[in-house]
Structure formats: C-alpha cells, structure tokens
Amino acid sequence: MNEVGISLDTVWMLLAAMLVFWMQPGFALCEAGFTRSKNTANILFKNFVDFMLGSVLFFFVGFGFMFGSDGAGFIGAPNWGDLSFYKSDLPVEGFLMFETVFCATSATIVSGAMAERTKFSMYIVYSFFISLIIYPVEGHWTWGGGWLCNDAAESFMMTTFGHVFHDFAGSAIVHSVGGVLALIGAIALGPRRGKYDANGKSRAIPGHSLILAALGVFILWMGWFGFNPGSQLAATGEVNRIAISHVFLTTNLAAACGGIATMFVTWMKYGKPSFSLTLNGVLAGLVGITAGCDAVDAWGAIIIGLVCGIVLVYAIEFIDRKLHIDDPVGASSVHGVCGILGTLMTGLFSVSEGLFYGHGWGFLGAEAFGILIIDLWAAVTGVILFYSIKKIHGLRVSARIEDEGLDIYEHGETCYN
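Residues numbered from 1 in each chain as written. Predicted model: local features only at pLDDT ≥ 70, side-chain atom pairs only at ≥ 80, totals over all residues. Heavy atoms only, no water.

(A) Region of the structure containing the packing of aromatic side chains. A full pass over the atoms with the stated rule returns 30 aromatic pairs. Pairing Phe264 with Trp267 gives two aromatic rings, centres 5.9 Å apart and planes at 15°, and the pair type is stacked. On the criterion of helical spacing, the pair formed by Phe264 and Trp267 is a turn pair, its members being 3 residues apart in helix H9 (residues 238–270). The exposure class of Phe264 is partly exposed, given its relative accessible area of 42%. Overall, the relative accessible area of 42% leaves Trp267 in the partly exposed class. (Phe/Tyr/Trp six-rings, centres within 6.5 Å; stacked < 30°, edge-to-face > 60°. Helix = DSSP H or I, 4+ residues; strand = E, 2+ residues; numbered from the N terminus. Buried < 20%, exposed > 50% of the residue type's maximum accessible area, 1.4 Å probe, protein only.)

See below:
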C-alpha cells in the first residue's frame, strides 16, 4: 500500500505541475490582451523564453542553488545537472519539474510590467538571471530549508519570533518577488511613449483584446488549482485529502471575492464596473491567498480576497497616477502589493498561529520579517540587474520601433496579418 500511495502522490504532484505549467499560456494571453496588437508576437515569444530558459537553468544549477547544502548558507551548491543530492520518497525528477514551473512563473510576472518597449535580447538576459540566481536564492532561504524556515529551537527565527516564516505556495516567494522586480524594471525602462502628457497626466493605452485577457485569467484561475493544492505534494491519506480539498476551497473563494470587490469598487468609483480591472481583481485574490491557503479558514479566505480586490484598484491608480510608473498590465500591484498583503494577512488569519485567533504577535512578526527580507533581496538585485543592463547595452528599443511595434522590428513577423 505504501508503494501505491507514493505512486498516487507522484501522479498528483505531476498533475499539479501540469496545471502550473498551464499558467504560462494564461500569463501570455492575459499580457497580450492588455497590450497593443503590434507587440503581440513579442509578448507571446517572451513567455516561451521564460519557460525554455527556466527549464534548462533550473535543471542545470538552479535546483541545486535552491535545495542544495541542506538549507545551510546563503545559497545552495550548484548541482550541474546531477540530481542525486536530493533525497525524498517522491521521485526527484518529478519534484524538479514541479519546482521548475514555479521558477518560470516568477520570471514571467516581470514581462507584463515591461511590455511594449523592452529589447528582446535584454529580456533574455534578465530572465536568465532571475531563473539562475534571484529566485533560487530566496527559495533556498524558504522552501529549500534555509534560515527563514529553520524551526530548530536555537534558530534565528525561533529565538526571535517563536515562529518560522510561512508561505505555503508562494505569495511572497514567487509573486511578490516577481512584482518587485516588475516595478524596478518598469522604473528603469520609463513609461511608454504617450503614456503621460506634458503636465504628467496619465493617458489610458487600452489593450487590443479583452477576450484574450479574459481567457488568460480563466486559464490562470484554473492553473492556480495546481499552484496551491499541488503544494501539499501528496494526496493519499486522510490528512492530505482533507488538506488539498481545503486549499481548493480557500483558493477559489479568495479569487471570487477578489473579483467581486474590484467590480463593486470600480462601479462606485468610476460609475461603471470595470471588466479589465475586475480581471486583475480575480488575480489579486489568487495571489493574496497563496501564502496562507492551507492555514486560514473559508471566512479568512473571503476577507483576504476582498481586501486584495479593494486595495488593487487604489494600488494601480497610485503607481500610475502618483508615481508615474507605467505598468501596462498592473503586475506590480497584482503580484507585488497583493503578494505582500496576502503574506501579512496570513499572520492575522492563520487559525493555528494568527493574531486574530489569539496566538499573539510572533507569527505576524515572522511573516512581516520574511516578506521584508525576500523583497529587499528582489529590490536590490533588481536595481543591480536592470540598471547594469541599461548602462551597458540599453534596455529599451528606439522610439521608432516602439511606435511601429516590436513584432516586425524585433522578430520580422506579426500575429495579425
């Protein structure tokens, strides 16, 4: 029976990996729909590059950087394609694939914020470094058994907070890191031509297909049922079947409530419910619940989704109109702001450890410290990466290429003929 159980757990893990991989076309369609038709081939191509590069780099060295050295040190040891160092009941090749799709997701988030004006060659460069170094290092600190998740009695987190950092499926580790890098990248690039007038007033640049964007969000919503429940990494036995069922429910409730909250906020704020913002509201709820989907109850998931859906509207407006940072798809708000919010709200709403359930401030402190350290790492490395590329080779295409579209000039072909 143990062999059967391990086999079923392996199948569950690989099915979840397939669903997370399915998020790649979700991101691609969402980003393409929210931007202009003249750049569609470029955007779709970038999403393929993320997964192609990420797959090879994570197999070759990233997996070792993240899970090597038994969690000790700043970073694990590169595995150079040798997977024998990792020991588990589940097949190491299957676990590698599960972690690979998560790595690719973190890199893909950055694409949307830097859309319509980034050199394709330089996109390959920064995607390379995100998959090779930035994601595996902070992943080593957390999911790799490193210092932020070390529950030994004498460890830093236990002696300081009495709790370790908890991020079940990646609100912080995947999404906030992608969101912070997206924000830094958008700042380094500067706004698209025509986005702000001479007085600094923001001008809307509508995407070319809400149909594609909506289909992308539906696909992402479906993919999240692999992203979150799949992180249990097992399905056999009473504990696991209850856990994955619970995570399915909290994930779905947060997504639905994120969309509902954004719909009503935009309806009251702008006089009409915004479909495009509501699509992002669904994603905001999904990002927010990802850290604590295993730890909060259904009501906690509802509140997290509602809060993220509400805050999203004001975050997008603030970043665009006040900070004058042009993020065409709202990635920095959806993944960055809501990833941080969801991580912090796990410290409030965790049934077993949260502040609102009478368990004191320690767990909230651990969550706040963890998200601060992870996003500081993303911000510092992002500044070094993007501004080095900008200084050495330039991040941005010329004005003519931007005006006429990246598809023809960067790739010699278009999506629509």
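Moving on from the model shown.
(B) Local environment of the layout of surface pockets. In this model, the largest pocket occupies a volume close to 780 Å³. For the largest pocket, the lining is made up of 31 residues, of which Lys195, Ala204, Ser276, Leu277 and Ile316 are closest to its centre. At the level of elements, helix H10 (275–289) and helix H11 (298–322) are the ones that each hand at least two residues to the lining of the largest pocket. Of the residues contributing to the lining of the largest pocket, the split by class is 14 nonpolar, 10 polar and 7 charged. (1 Å grid on protein atoms, 1.4 Å probe; cavity = no way out; pocket = protein on both sides within 12 Å on 5 of 7 lines; lining within 4 Å. Points joined across faces, edges and corners; volume = space filled by probe spheres on them. Nonpolar A, V, L, I, M, F, W, Y, C, P; charged D, E, K, R; others polar.)

(C) Structural detail: empty space enclosed by the protein. All chains considered together, the criterion is met by 1 cavity of 30 Å³ or more. Estimated volume of the largest cavity: approximately 130 Å³. If you go around the largest cavity, you meet 14 residues; those closest to its centre are Phe27, Cys30, Val329, Ala331 and His335. For the lining of the largest cavity, the elements supplying multiple residues, two or more each, are helix H2 (23–33), helix H4 (92–113), H10 and helix H12 (331–349).

(D) How the structure looks around the nonpolar core. Formed by 97 residues in total, the largest nonpolar core has its most connected members in Tyr126, Phe386 and Leu395. It is H4 that provides the largest number of residues to this core, a total of 12 residues. When residues no more than four places from it in sequence are discounted, the contact partners of Tyr126 are Val110, Ser111, Met114, Thr118, Leu385, Phe386, Ile389 and Leu395. (Core = buried A, V, L, I, M, F, W, Y, C linked by side-chain atoms within 4.5 Å. Contact = heavy atoms within 4.5 Å.)

(E) Spotlight on the packing of H11 against H12. It is the contact of H11 with H12, at a shortest axis distance of 9 Å, that shows an interaxial angle of 145°. As for how H11 packs across H12, the hand of that crossing is right-handed. Across the interface between the two elements, Gly300, Ile303, Ile304, Val307, Cys308, Val311, Leu312, Ala315, Ile316 and Ile319 of H11 pack against Ser332, Ser333, Val334, Val337, Cys338, Leu341, Met345 and Phe349 of H12. (Axes fitted to C-alpha atoms, helices over the stretch in contact; angles between N-to-C directions. Left-handed = near helix turned anticlockwise from the far one by under 90°.)

No statement about biological role is implied by the geometric values presented.
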